[in-house]
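Coordinate inspection notes
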Amino acid sequence: MWWMMNEGGGQYCSKKSDDLCGDVCGQESSRLSMSRIRCILRGIDLKTYIFMFVLIPTCIFGIYVHGQKISYFLRPLWESPPKPFHDIPHYYHENVSMEKLCRLHGWGVREFPRRVYDAVLFSNEVDILTLRWQELYPYVTQFVLLESNSTFTGIPKPMVFASNRDKFKFVEPRLTYGTIGGRFKKGENPFVEEALQRVALDQLLKIAGISDDDLLIMSDVDEIPSRHTINLLRWCDDIPQVLHLRLKNYLYSFEFLVDNNSWRASVHRYQTGKTRYAHYRQSDEILADAGGHCSFCFRRISEFIFKMKAYSHNDRVRFSRFLNPKRIQRIICKGADLFDMLPEEYTFKEIIGKMGPIPHSYSAVHLPSFLLENADKYKFLLPGNCVRERG
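Residues numbered from 1 in each chain as written. Predicted model: local features only at pLDDT ≥ 70, side-chain atom pairs only at ≥ 80, totals over all residues. Heavy atoms only, no water.

1. Re helix H10 (residues 325–334)
All of the buried residues along H10 are Arg 327, Ile 328, Gln 329, Ile 331 and Ile 332. The opening residue of H10, the one whose side-chain oxygen lies 2.9 Å from the backbone nitrogen of Lys 326, is Asn 324. Looking one or two places after H10, you find Gly 335, whose phi comes out positive at around 80°. (Buried < 20%, exposed > 50% of the residue type's maximum accessible area, 1.4 Å probe, protein only. Helix = DSSP H or I, 4+ residues; strand = E, 2+ residues; numbered from the N terminus. Polar contact = N/O pair within 3.5 Å; in protein donor to acceptor, adjacent residues only side chain to side chain.)

What follows is the structure in structure tokens.
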């Protein structure tokens, strides 16, 4: 073996045997490291060992279970709030003339109203679609609905609207119904499929006969503009080209009012070649108190389970127990979060202020008239009726 002695008596490797000596020196270094570790471990008593073996796995388990909560709570540190909307005050009373209402908003009044197109992507929300179309029926020229045999997450689904079409005979003369085949690409970002379906809805609107300056409502089925809001916008002149609608945000039913900050619904003065159906922010203008957004407002527990697995945020179902019917029923009546998440807000004040179950509301004022006229049939949407059907 090739060894040389340094002045202090230590050994070092000769340049002529770098490979062999490298292995030997590495072994020496490893033995020294292990000796240091053994010395450190000898200095730790039994209580410290127990503490480490309990604390470390507990921390790992806690991060696994509550990592999403930690991320959401710290959101104000890594994400700034979006630019505020410019809120347009909303004036309405049934005894005030349309000319006066338009003037109050700073708009002129038209000689005749615009045509109105209401376009939606449909999944399985039969009850909410009925409520929406009954609310908007007096003022909508054409109802446009696109249905797919696939969820956004690539799961095959029945054509729910097609099988329930008889329930919507009241809109049949004004209905443009289209279907689109799913691509069933598992593992793909659900927002890709959603975007493709919205592009297809653009084409369906052209088939429905939409033209320049017609009013187009862009919103999900459960984002329902109030009837008088649409009537105002079809009669008033000089309204913004694109106007978002600020809706009251409800969860599970009209018993649980979350806030007044639902903003994705919008109304457009249609422009050929420019208007594209979308569900993101497209303007800084928003009309206050323009309707209601009732999210996860289903009659049956099975419908909750279907949506939790099917919609674009299905990654929030982190554990199979989230889909347990008894748990879902308990969560609904409590007004808690189905996905055990913290509020999606941008300041610690807002996050802390919204933590915990949503307070119960006992007001059923300013709800769609069709809902109150058919309260027995749709009582699951009204205060004091949280129990859902199991089917």
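2. Considerations on the pairing of strand E12 (residues 247–251)
For a regular strand, side-chain orientation follows a simple rule: the groups alternate between the two sheet faces. Counting buried positions along E12 yields four of five residues, so the element is predominantly enclosed. Sheet analysis places E12 next to strand E13 (residues 257–262), joined by three bridges and oriented antiparallel. Bridge pairing links Asn 249 to Asp 259 in E13. Here E12 folds back onto E13, and the loop between the two strands holds five residues, one of which, Tyr 252, carries a positive phi near 75°. Of the pairings in the sheet, the one linking E12 to strand E16 (residues 291–295) comprises four bridges and is parallel in character. Each bridged residue has a counterpart across the sheet, and for Leu 251 the counterpart in E16 is Ser 295. (Pairing = 2+ DSSP bridges.)

3. Here we look at the sheet that holds strand E14 (residues 266–269)
Reading across from one edge, E3-E15-E11-E14-E8-E5-E6-E7 is the order of the eight strands in this open sheet, with mixed pairing throughout. With one partner strand each, in any of the chains shown, strand E3 (86–88) and strand E7 (175–180) form the two edges of the open sheet. On average, each strand axis in the sheet is inclined to that of its neighbour by 25°, with strand direction left out of account. Where strand E11 (residues 242–245) and E14 come together, three bridges link them in antiparallel fashion. The residue of E14 that forms the bridge with His 244 is Ser 266. Lying on the sheet, helix H5 (residues 126–136) is in contact with strand E5 (116–122), strand E6 (142–148), E7 and strand E8 (215–218); it crosses E5 at an angle near 180°. (Axes fitted to C-alpha atoms, helices over the stretch in contact; angles between N-to-C directions. Contact = heavy atoms within 4.5 Å.)

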